[in-house]
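Breakdown of the fold
What follows is the residue order along each chain.
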Protein chains: 2
Amino acid sequence: MTNLYMALTHYPVINRNGEKIASAVTNLDLHDISRSAKTYGIKTFFVVTPLCDQKGLIEKIVSHWTKGAGLKYNPARAEALNLISIEKTLEDTVENIKKDCRRFPKIVVTCAKKKDNSITMQRFRSMIKADGGTYLLVFGTAWGLADELISKADYVLEPIRGNTGYNHLSVRSASAIILDRLLGRDF
Amino acid sequence: MTNLYMALTHYPVINRNGEKIASAVTNLDLHDISRSAKTYGIKTFFVVTPLCDQKGLIEKIVSHWTKGAGLKYNPARAEALNLISIEKTLEDTVENIKKDCRRFPKIVVTCAKKKDNSITMQRFRSMIKADGGTYLLVFGTAWGLADELISKADYVLEPIRGNTGYNHLSVRSASAIILDRLLGRDF
């Protein structure tokens, strides 16, 4: 187990016009990201939404696969979705991590654009390995995390560059690549 | 541009009981994998299905984002989905690559289980970089590619290991990680 937690945030994020919104939950985000989180030993995968109906939707999906018919159909899926904890805000998430491991996490946000204070994947990988700190890695939905959230973070993780100028990975793909870069065995 | 092509295969694949089936197309497979393919400079992303109704569904989705209302809504998505070519069989796919670059590709299949003749990610990365060969990297849907397809391949790529024993990534996540390992810049 690593000392790394993850959050997928549905508020505050921005839409295509740069306006602050609360986004809707995407079913496959829950499945894909919890499966990646389980593969790389993430402690808890927090899904953050302030909307009651969206919380209800997540509960229904998670419950189907961890307690309902889905558990028998595909038990491996239950192992992944059991990592999910639903939170109203990022502040609640941080409090819960404090309860879980008695330390406040440093918050590391992801962003498709490079920022002045970005840290490299390699540096963050070393930090996770070396200093025994506790980190919360935050991903956004829709067109990405709102600036107010990015500016409050302890660190901004550099964006993934492929080998073209195209910079539009899905959050499902981006989170998988980032976990592999941070926690994957050397290959 | 690399000399690497990709295929997502819906037949022959296996279901949870190990039986050979033709799987249904998943909308987000098309979006996520084409976005990853575009990020890493894949030449063509072949979506392989022998089923006419599924071919129609893929055409409808691709057309919406590359020619219809989706093009105006999100032009970056069109760039990705334009990489898609729909094929009936893997044999047709190979013929089309031959037409495109005048060489038959070596077929490299992915598999969640390690095989005796698996090649490592690092070796395949070196092969792509070094020898100027043409490769078709094949991913399966459902519970994975059927053995008859795996046994005919030139190479089997080793599976992704995270840092736990859990080995159930989605094809969207697995393909993103593999492209990053094969083609991503050193970080």
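So, a few notes on the structure that sits alongside this text. This is a predicted model, so every value here is computed, not measured. (Residues numbered from 1 in each chain as written. Chains lettered and ligands numbered in written order. Predicted model: local features only at pLDDT ≥ 70, side-chain atom pairs only at ≥ 80, totals over all residues. Heavy atoms only, no water.)

Re the pairing of strand β4 (residues 45-48) of chain A
Residues and elements named next belong to chain A. Of the two faces of β4, the one carrying Phe 45 and Val 47 and the one carrying Phe 46 and Val 48 are both buried. Here four bridges tie strand β1 (residues 4-9) to β4, and the two strands are oriented parallel to one another. Residue pairing in the sheet places Thr 9 in a bridge with Val 48 of β4. As paired strands, β4 and strand β5 (residues 84-87) are joined by four bridges and run parallel to one another. Bridging from a neighbouring strand, Val 47 pairs with Ile 86 of β5. (Buried < 20%, exposed > 50% of the residue type's maximum accessible area, 1.4 Å probe, protein only. Helix = DSSP H or I, 4+ residues; strand = E, 2+ residues; numbered from the N terminus. Pairing = 2+ DSSP bridges.)

Considerations on the interface of chain B and chain A
Where the parts come together, the accessible area they lose is often given as the size of the interface. Listed as interface residues are 39 residues of chain B and, on the opposing side, 39 residues of chain A. In this assembly, chain B and chain A are joined by four salt bridges. Linking Arg 181 of chain A and Asp 180 of chain B is a salt bridge whose minimum nitrogen-to-oxygen distance equals 2.6 Å. Linking chain B with chain A are 24 residue pairs in polar contact (both at pLDDT 80 or more), by the criterion used here. Contributions of two or more residues to the side of chain B that touches chain A are made by α1 (27-39), α3 (69-73), α4 (75-81), α6 (121-130) and α8 (171-183) of chain B. Among the elements that make up the side of chain B that touches chain A, the one with the highest residue count is α8 of chain B (seven residues). (Contact = heavy atoms within 4.5 Å. Salt bridge = Lys/Arg side-chain N within 4 Å of Asp/Glu carboxyl O. Polar contact = N/O pair within 3.5 Å; in protein donor to acceptor, adjacent residues only side chain to side chain.)

Side note on α1 of chain B
All names here are of chain B. With 13 residues, α1 should cover 18 Å at 1.5 Å per step; its first-to-last C-alpha distance of 19 Å lies within 8% of that length. Across the 13 residues of α1, 11 count as buried, placing the element largely inside the fold. A positive backbone phi angle near 75° is found at Gly 41, which sits one or two residues after α1. (Expected span 1.5 Å × (residues − 1).)

Focus on the relation of the copies chain B and chain A
Each copy superposes on the other: chain B lies on chain A with an RMSD of 0.0 Å after a rotation of 180° and an axial shift of 0.0 Å. What the rotation and shift describe, once combined, is the action of a two-fold rotation axis. When you check the interface residues of chain B against chain A, 100% turn up at the interface there too, and the contact is symmetric in its surfaces. (Least-squares fit on C-alpha atoms with pLDDT ≥ 70 in both.)

Describing the pairing of strand β1 (residues 4-9) of chain B
All names here are of chain B. Counted residue by residue, β1 has six buried out of six residues, so it is predominantly covered. The side-chain alternation of β1 yields two buried faces, one formed by Leu 4, Met 6 and Leu 8 and the other by Tyr 5, Ala 7 and Thr 9. Two elements, β1 and strand β8 (residues 135-140), share six bridges in a ladder whose sense is parallel. Considered in β8, the bridge of Thr 9 is made with Gly 140.

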